[in-house]
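Inside the fold
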Amino acid sequence: GWCGEPYFDEKTGKCWKYFYPSEDTTQYLYETYPMKINPLEGVTNEHFVVWMQAAASSQFRKLYGYIDQSINKGETIKFEINNNYEVESFDGTKALILSTTNSLGGKNTYLGNCFVGFGIFCAIVGSLFLAKIVLKPRLLGDTQYLKYKEQ
């Protein structure tokens, strides 16, 4: 009989809450990373979700987590790192970077400086147009700006 969504296996007579086609020939993420991916709920590990997001350039940083407490100068912090993905085959590197952030992001100020610089440029150009209009205004309907074909 038909059990509803999403899949009824006629061979075994079981009703499954999930269906992965070609399970005999394909290894799915939930089989590769059973502690991070649940076949019913999908990806459940926030760190894995961040890591799998595509990067905009070949050099990138992925935020793994944050320390939600103050750290005093000279305090020792210990990390345990598992190397589960090799990067030597494509000349990649890995690094652990500790950085401070604020509500606007990290220490990389390049994009913010670009926005401020472009804003200043637009303010200067706008001021020049305003000065031109105030100092030498163009009269509406002035015929000296019109060009006629000579007859």
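Residues numbered from 1 in each chain as written. Predicted model: local features only at pLDDT ≥ 70, side-chain atom pairs only at ≥ 80, totals over all residues. Heavy atoms only, no water.

Attention shifts here to the overall build of the protein. Tallying secondary structure elements over the protein gives three helices and four strands in all. In sequence order, the protein lays out its α and β elements as β-β-α-β-β-α-α. Residue pairs at least 24 apart in sequence account for 2% of intrachain contacts in the protein once pairs closer than 6 positions are excluded. Carbon together with sulfur atoms contributes 56% to the accessible area of the protein, which is approximately 15,000 Å² in total. (Helix = DSSP H or I, 4+ residues; strand = E, 2+ residues; numbered from the N terminus. Contact = heavy atoms within 4.5 Å. Areas by Shrake-Rupley, 256 points an atom, 1.4 Å probe, with all protein chains shown as cover.)

What follows concerns the confidence of the model for the protein. Here the protein averages 78 in pLDDT, and 81% of its residues register 70 or above. Per-residue pLDDT, averaged within each element of the protein, yields its smallest value for strand 1 (residues 7-9) (66) and its largest for helix 3 (residues 110-135) (93). (pLDDT = per-residue confidence, 0-100.)

As a further point, take unusual backbone geometry. Not every positive phi belongs to a glycine, and Asp91 is a case in point at roughly 55°. Relative to the elements of secondary structure, Asp91 occurs in the loop between helix 2 (46-52) and helix 3. Classification of Asp91 as exposed rests on a relative accessible area of 71%. (Buried < 20%, exposed > 50% of the residue type's maximum accessible area, 1.4 Å probe, protein only.)

Next up on the list: a nonpolar patch on the surface. Side chains of Ile67, Ile71, Ile77, Phe79, Ile81, Leu96 and Leu98 sit close together on the surface and give an oily, nonpolar patch of about 650 Å² of accessible area. Here Ile77 shows up in the loop between helix 2 and helix 3. By relative accessible area, which is 34% here, Ile77 ends up partly exposed. (Patch = residues over 30% accessible without salt bridge, like charges linked within 9 Å, V, L, I, M, F, W, Y side chains within 5 Å. Salt bridge = Lys/Arg side-chain N within 4 Å of Asp/Glu carboxyl O.)

We now examine the environment of Arg61. By secondary structure assignment, the location of Arg61 is in the loop between helix 2 and helix 3. A relative accessible area of 66% places Arg61 in the exposed class. Sequence separation between Arg61 and Ala95 is 34 residues; the distance between their C-alpha atoms is 9.2 Å.

Moving on, we come to the environment of Lys94. Assignment of secondary structure puts Lys94 in the loop between helix 2 and helix 3. The exposure class assigned to Lys94 is partly exposed, which follows from its relative accessible area of 47%. Distance from Lys94 to Asn83, taken between C-alpha atoms, is 9.5 Å for residues eleven residues apart in sequence. Discounting residues that sit within four places of it in the chain, Lys94 has contacts with Asn83, Asn84, Tyr85 and Val87.

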